[in-house]
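So you can see what is in the structure, the chains are spelled out below.
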Amino acid sequence: MPVGGDRTVTQTPAPSRPAPAAADAPPDADDVEEPESGGAGAWFLLALGVIGLGVSAYLTTLHYAGVAAICPGAGGVVNCQAVLSSTYSSVPGTSVPVTVPGMLWFIVSGSLAAASLLAARRGVAEPTWLRPVHLGWTVVGLLAVLYFVFCEVVELHEICVWCTSVHVMVFLSLLVAVARLQVGRVPTADETE
Amino acid sequence: MARPSRRRRQELTAGGTPAAGRPAPARTPSSPTPSRYRTQRVKVPRPWWQSPWAWGSAITVVVVAVIVVFIVVANRPAATSSAASNANQPVPASVLAAVTGVSSSVSDTIGAGGVSNPLEPVSGSPSALTGPTGHPELFYLGAEYCPYCAAERWSVVIALSRFGTFSNLAETTSSSSDEYPNTHTFSFYGASYSSSYLDFASLETADRSGNALQTPTTAQQTLINTYDTSPYSSQNGGIPFMDLANSFIVSGTAVPPASLQGMTWEQIAATLTDTQSPVAQAIIGNANWLTAGICKVNGGQPASVCGSTAITSLESQLGSS
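Note that this is a predicted model, so its numbers are computed, not measured.

*Asks:* In this structure, what is going on with the overall build of chain A? I would like to understand it.
*Replies:* Helix and strand counts for chain A stand at five helices and two strands. Tracing chain A from N to C terminus, the helices and strands come up as β-α-α-α-α-α-β. Residues counted as buried form 38% of the 193 residues belonging to chain A. A fraction of 80% describes how many contacts in chain A between residues 6 or more apart in sequence connect residues 24 or more apart.

Shown next, in the form of structure tokens:
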């Protein structure tokens, strides 16, 4: 029996860990989870669509009835009548008030949000084109908003409270549409442990 | 719950094995993957610039910056838009005080001021024209270039100031290339009026250069088509034109713009205390007729205005619609 001699200890070799797979590589298109249908964002967009449609319909009704809008906070730069009766309140070349295209915008936006909610209710994935299209629609809306703000601030030097509320709703719709598109595209990868 | 990607669904369908062409997790040749190893999907942290907050913040910053640029451009002294009259400036306090503070004694002394009744009764008893507050409405149609409108506005401002308050009233002059050029006056474009007795709707169709300003609503155009024509007006769509609650029509002006030639706003305002001034007699006399008409359609309110000697006398001379 050896004494003080070499001793050999047998250890169970640590299992080799395979290299993390693809954790540092950029995910490809197939590694992105498809977006959830519905969600709080869709509900918010639907609410904005309904409220915006209501305000636009109110202003349209007043235009054809020839009645001045109630103008909260009138005074100073706030002058609803001046804005709503200006040349910029009608679609160029027509007598159609710009509130009519506004109504159509909110109807489309609300419908796109409703489509997402409907897909969620049915338990199916919403179409992949839905969110990009909604984002594009809100971009169109924002461009129109910037035009109308230019008309109010630079040309008329007056603002309309009702118009501003509609502009804010379009802007918020854009932000939510951007967020929904970003959140929906969640990059993933396989990791083995 | 989020649905797995198309590739992942294919993998699961194929029994969990990696799809063709996709590298399998690395493993040592001599040690096959123990059963305790699992492959799972993990979310890859996205770069900060791809987060919704980053995008939302960037968009907000851009939009705010654009609006700030608009405000800066709008407030530049040399920046006047094609839609705004270059002569439009806020009415000086002294002028405003003069037109809104014509004393009752001057008004009573002048009375009609030699001005014929400009109020034409509307026949047929149409429904009353009311404004957003439910009060009788005075609808005014004019244009900044129009010298007759320029003369009429002095009386309108005086009359309406007896029932309410103007805000953002601007001063301007009529066209320099029309008859009675550069008649000093006010503009209702951009102005607002508040009153507990009367609603006022004004429409300035063009600035002093003829550039389009405001367009009538459908209802306003109907009023114009109905009443700014024979037998109430000698010219279809002529200006100035006023509809007082669908009870009286005023077409044209009773104040000769020739009498205001060469006078500044301050000079015209200064005459409004002189009962012997032909300018004051025309302007205040015309204003008294308008005041009488307003009193007739709003039930004589307020009594402090409608109960004065001159107004009571003129009101009794108004025909009924």
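*Asks:* Explanation requested: the overall build of chain B in the structure shown.
*Replies:* Regarding its fold elements, chain B presents ten helices and eleven strands. Put simply, chain B has 321 residues, and 42% of those count as buried. Sequence separation of 24 or more characterises 71% of the internal contacts of chain B that already satisfy a separation of 6 or more.

*Asks:* I tried to follow the packing of helix α1 (residues 40-65) of chain A against helix α3 (residues 99-122) of chain A on my own but got confused; where do I start?
*Replies:* Packed helices, taken two at a time, are described by the angle their axes make and the gap between the axes. All names here are of chain A. At a closest axis distance of 8 Å, the pairing of α1 and α3 adopts a crossing angle of 160°. The orientation of α1 relative to α3 falls into the category roughly antiparallel. Of the two possible hands of crossing, α1 and α3 adopt the one that is left-handed. Here the contact of α1 with α3 is composed, by residue class, of 15 nonpolar, ten polar and no charged.

*Asks:* So what exactly am I meant to see when it comes to the sheet that holds strand β2 (residues 89-90) of chain B here?
*Replies:* Each strand in a sheet pairs with its neighbour through backbone hydrogen bonds, running either in the same direction (parallel) or in the opposite one (antiparallel). Residues and elements named next belong to chain B. Strand order in this open sheet of three strands is β2-β6-β7, and the pairing throughout is antiparallel. Each edge of the sheet is formed by a strand with only one pairing partner; in this case those strands are β2 and β7 (184-187). Of the pairings in the sheet, the one linking strand β6 (residues 170-173) to β7 comprises four bridges and is antiparallel in character. Paired with T172 across the bridge in β7 is T185.

*Asks:* Please explain the pairing of strand β9 (residues 199-204) of chain B as it appears in this structure.
*Replies:* Residues and elements named next belong to chain B. Counting buried positions along β9 yields six of six residues, so the element is predominantly enclosed. Burial of the side chains of β9 extends over both faces: D199, A201 and L203 are buried on one face and F200, S202 and E204 on the other. Across six bridges, the pairing between strand β4 (residues 137-142) and β9 is parallel. Looking at the pairing, G142 lines up with E204 of β9.

*Asks:* How should I be thinking about unusual backbone geometry in this particular structure?
*Replies:* If a residue is not glycine, its phi is most likely negative; likewise, a peptide bond is most likely trans. Residue and element names in this part refer to chain B. In this structure, the amide linkage connecting I239 to the following residue, P240, adopts the cis form with an omega of 0°. Note that P240 resides in the loop between α6 (218-227) and β10 (241-244). Geometrically, the link from Q301 to P302 is a cis peptide bond, its omega value of -5° lying close to zero. Within the secondary structure, P302 is located in the loop between α8 (278-297) and α9 (303-306). Of note in the backbone geometry, S125 takes a positive phi value of approximately 50° without being a glycine. Looking at where S125 falls in the secondary structure, it is placed in the loop between β3 (120-121) and β4. Take S125: there are 10 C-beta atoms within 10 Å of it, and that puts it in the exposed class.

*Asks:* Explain the environment of N88 of chain B to me, please; I cannot follow it from the model alone.
*Replies:* Residue and element names in this part refer to chain B. With respect to the secondary-structure elements, N88 resides in the loop between α2 (52-74) and β2. Residue N88 is classed as partly exposed on the basis of its C-beta count, with 19 C-beta atoms lying within 10 Å. A C-alpha to C-alpha distance of 8.3 Å links N88 and F186, two positions 98 residues apart in sequence. With near-sequence residues (within four places) excluded, N88 lies in contact with A170, T172 and S187.

*Asks:* I would appreciate a short explanation of the environment of S234 of chain B in the present structure.
*Replies:* All names here are of chain B. Within the secondary structure, S234 is located in the loop between α6 and β10. Classification of S234 by C-beta neighbours within 10 Å gives exposed; the count is 10. Separated by 18 residues in the primary sequence, S234 and G252 have C-alpha atoms spaced 9.1 Å apart.

*Asks:* Just to check I follow, could you spell out the sheet that holds strand β11 (residues 248-251) of chain B for this structure?
*Replies:* All names here are of chain B. Strand order in this open sheet of five strands is β3-β11-β10-β4-β9, and the pairing throughout is mixed. The sheet terminates laterally at β3 and β9, the two strands that pair on one side only. Two elements, β10 and β11, share four bridges in a ladder whose sense is antiparallel. Looking at the pairing, F241 lines up with S251 of β11.

*Asks:* Help me out: how do you make sense of the pairing of β11 of chain B in this one?
*Replies:* Sheet faces and side chains relate simply in a regular strand, where the side chains alternate between the two faces. All names here are of chain B. Burial along β11 is two-sided: F248 and V250 and I249 and S251, pointing in opposite directions, are all buried. As paired elements, β3 and β11 share two bridges and run antiparallel to each other. Across the sheet, P121 pairs through a bridge with F248, a residue of β11. The turn joining β10 and β11, which pair antiparallel and follow one another in sequence, is formed by three residues; a positive phi near 60° is taken by A245.

*Asks:* Before we go on, may I ask you to explain the packing of α3 of chain A against helix α4 (residues 130-156) of chain A in this structure?
*Replies:* Residues and elements named next belong to chain A. The interhelical angle for the contact between α3 and α4, taken along N-to-C directions, is 160°, at an axis separation of 10 Å. Classified by the interaxial angle, the pair formed by α3 and α4 is roughly antiparallel. Seen along the crossing, α3 lies across α4 with a hand that is left-handed. Between α3 and α4, the contacting residues are W105, V108, S109, L112, A115 and S116 on the first element and L130, V133, H134, W137, T138 and G141 on the second. Its residues assigned to classes, the contact of α3 with α4 shows seven nonpolar, five polar and no charged.

*Asks:* Explain the confidence of the model for chain A here, please?
*Replies:* The predicted coordinates of low-pLDDT regions are not to be read in fine detail. Residues and elements named next belong to chain A. Residues at a pLDDT of 70 or more form 73% of chain A, whose mean pLDDT is 79. Averaged pLDDT values for the elements of chain A fall to 51 in strand β1 (residues 32-33) and rise to 95 in α3. Below a pLDDT of 50 lies the segment residues 1-31, which in the model reaches 31 contacts outside its immediate sequence neighbourhood of four places, other chains included.

*Asks:* Please explain α4 of chain A as it appears in this structure.
*Replies:* Think of an α-helix as 3.6 residues a turn; residues three or four steps apart then line up on the same face. Under the 1.5 Å per step criterion, the end-to-end length of α4 of chain A is 37 Å for 27 residues, consistent within 8% with the ideal 39 Å. Positioned one or two residues after α4 of chain A, H157 of chain A has a phi angle of 60°, which is positive.

*Asks:* Explain the nonpolar core to me, please; I cannot follow it from the model alone.
*Replies:* Nonpolar side chains in soluble globular proteins tend to end up buried together. All names here are of chain B. Within the largest apolar cluster, 110 residues are counted, with the highest numbers of intra-cluster contacts made by I158 and I283. The element best represented in this core is α8, accounting for twelve residues. With residues near it in sequence (within four places) discarded, I158 still touches V99, V102, I283, I284 and A287.

What counts and how
- Residues numbered from 1 in each chain as written.
- Chains lettered and ligands numbered in written order.
- Predicted model: local features only at pLDDT ≥ 70, side-chain atom pairs only at ≥ 80, totals over all residues.
- Helix = DSSP H or I, 4+ residues; strand = E, 2+ residues; numbered from the N terminus.
- Buried ≥ 20, exposed ≤ 12 C-beta atoms within 10 Å, placed from the backbone.
- Contact = placed C-beta atoms within 7 Å.
- Axes fitted to C-alpha atoms, helices over the stretch in contact; angles between N-to-C directions.
- Parallel < 35°, antiparallel > 145°, perpendicular 65-115°, else oblique.
- Left-handed = near helix turned anticlockwise from the far one by under 90°.
- Nonpolar A, V, L, I, M, F, W, Y, C, P; charged D, E, K, R; others polar.
- Pairing = 2+ DSSP bridges.
- pLDDT = per-residue confidence, 0-100.
- Expected span 1.5 Å × (residues − 1).
- Core = buried A, V, L, I, M, F, W, Y, C linked by C-beta atoms within 7 Å.

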